[in-house]
Amino acid sequence: MIEVPPTLASWLKRRDLQVDVRAMKQHPESRNPTLLCRDRGGHRVFVKSSVRDDPGITHEQVVLRALQSLESVPRIRHAAGGTLALEWLEGRTLWELRRAAKQGPDEAIGAALARVQIQGRAAVSSFGVRGDLAERLLWTSPAFFASLGPASLQLIKQVQASGPALQSLRELLEGETADRALLVHGDLRQANIMVHRDRSTFVDWELCGLGDPARDLGMLLADDVRAWLLPGDEEEVQTRAELDRHARALMLGWEHTARQLGFTPAGDNRSRVMCWTAEALLRAAYTMTHHHAHLPQPLVDAAIAMLEAPAEWSLELLGPAPRSSRAESREGAQARRVDRNKRRNRDRSSRPEPRDGAPTDWRAALDSARAERKLARNSRQPARGER
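Residues numbered from 1 in each chain as written. Predicted model: local features only at pLDDT ≥ 70, side-chain atom pairs only at ≥ 80, totals over all residues. Heavy atoms only, no water.

## Focus: the sheet that holds strand 9 (residues 199-202)
Then comes step 1: Ordered in space as 6-8-9, the three strands form an open sheet in which the pairing is antiparallel. Every other strand in the sheet has two partners, leaving strand 6 (92-93) and strand 9 as the edge strands with one partner each.
Then comes step 2: Sheet topology note: the strand 8 (residues 193-196)/strand 9 ladder contains four bridges and is antiparallel. Of the residues in strand 9, the one forming a bridge with His196 is Arg199. (Pairing = 2+ DSSP bridges. Helix = DSSP H or I, 4+ residues; strand = E, 2+ residues; numbered from the N terminus.)

## Remarks on the packing of aromatic side chains
Then comes step 1: In total, this model carries two aromatic pairs according to the counting rule given.
Then comes step 2: Judged by centre distance (6.3 Å) and plane angle (85°), the rings of Trp254 and Phe263 are edge-to-face. Here Trp254 and Phe263 have matching classes, each one buried. (Phe/Tyr/Trp six-rings, centres within 6.5 Å; stacked < 30°, edge-to-face > 60°. Buried < 20%, exposed > 50% of the residue type's maximum accessible area, 1.4 Å probe, protein only.)

## Some details on helix 11 (residues 269-292)
Then comes step 1: For helix 11, spanning 24 residues, the distance from its first C-alpha to its last is 34 Å, which sits close to the expected 34 Å at 1.5 Å a residue.
Then comes step 2: By the criterion of burial, helix 11 is predominantly enclosed, with 17 of the 24 residues buried. (Expected span 1.5 Å × (residues − 1).)

## A few points about the environment of Val124
Then comes step 1: Tracing the backbone shows Val124 in the loop between helix 4 (106-119) and helix 5 (132-138).
Then comes step 2: Judged by its relative accessible area of 0%, Val124 is buried.
Then comes step 3: C-alpha separation for the pair Val124 and Val62, spaced 62 residues apart in sequence, amounts to 8.6 Å.
Then comes step 4: Apart from residues no more than four positions distant in its own chain, Val124 is found in contact with Val63, Leu183, Cys208, Gly209 and Leu210. (Contact = heavy atoms within 4.5 Å.)

## Points about the confidence of the model for the protein chain
Then comes step 1: For the protein chain, the mean per-residue pLDDT works out to 83, and 78% of the residues sit at or above 70.
Then comes step 2: Long-range and interchain partners of residues 23-29, a stretch whose pLDDT sits below 50, account for 12 contacts in this model, where long-range means more than four residues apart.
Then comes step 3: Every residue in residues 347-360 scores below 50 in pLDDT, and together they form 23 contacts with partners more than four places removed in sequence or on other chains. (pLDDT = per-residue confidence, 0-100.)

Here it is as structure tokens:
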């Protein structure tokens, strides 16, 4: 029998909701119980309730009420105090679709995300999103150091050994300014996107706020990068071609819809997407060091490489950006020049090599692409004696 806290049981009774089965097993990191209930007509309702005075669900209630006119957010059935009852969403999560068929409506998801971020901006004017791990990597307090285990300390050491990576993190946080801020989900993982027919719905809005729209794109892309570099099992394995296809379709849908709605992405938007991808990979790596005392070196190496050369990584994974304006083209070229300057100044010997057996094809693929582009440029330029 499912044990329901007395206060939550009373809340359900007043709304004629009966517990059917627990919607999902309680995750060790989760503080809030979630239940699958049925109303008087037998329709399923998803209920989540806060405990320990967690403000997340109250925050989600406020935001979802303001977003009810948008198609890509769940409909509210009941909301009061720290308890929220939502429509039951049919379909499967994007994470499940990836595992089952290595596919997903990536372009449609990118378009839906752009609509929610732009049209829902006013819903969170009084909230903000913070990059806690990036801030701790840049400004590490003695108390935080004292709380870390050996694997976590090694992660911090490797990131802080790369000056260009730290510079990119600093620019990433400083770039979250009011002029580019949109509604940001804040926890946009594949498990938080429900797909049913032509509808993509973003769920779990507890961490949303105003911020850099590239943050959501980077976090979502990081799930695919992690499945490529360090899959959890055979069903999660993803090839480089599949990664490229998912990433490019996602960006295409987002950029096209954003422009249709009158929002012009900044010229360095794609570079920022790669930096947020790196930040999300570092978060995943930190979680593994914290809970499993194990350092996932491939994720750390890839994250540092992305932070050191985000413009080149965006070209490799996302493809050439659409040249919609001269200003955007100039900013993108400037971002690539900054990457080259960072590489000239970095000390490669300060960063340890991947452990034995770690996949390094991502490094080889990037180096090969750089060599091909350099060869192509040289072939178009006449030798000095011929000028």
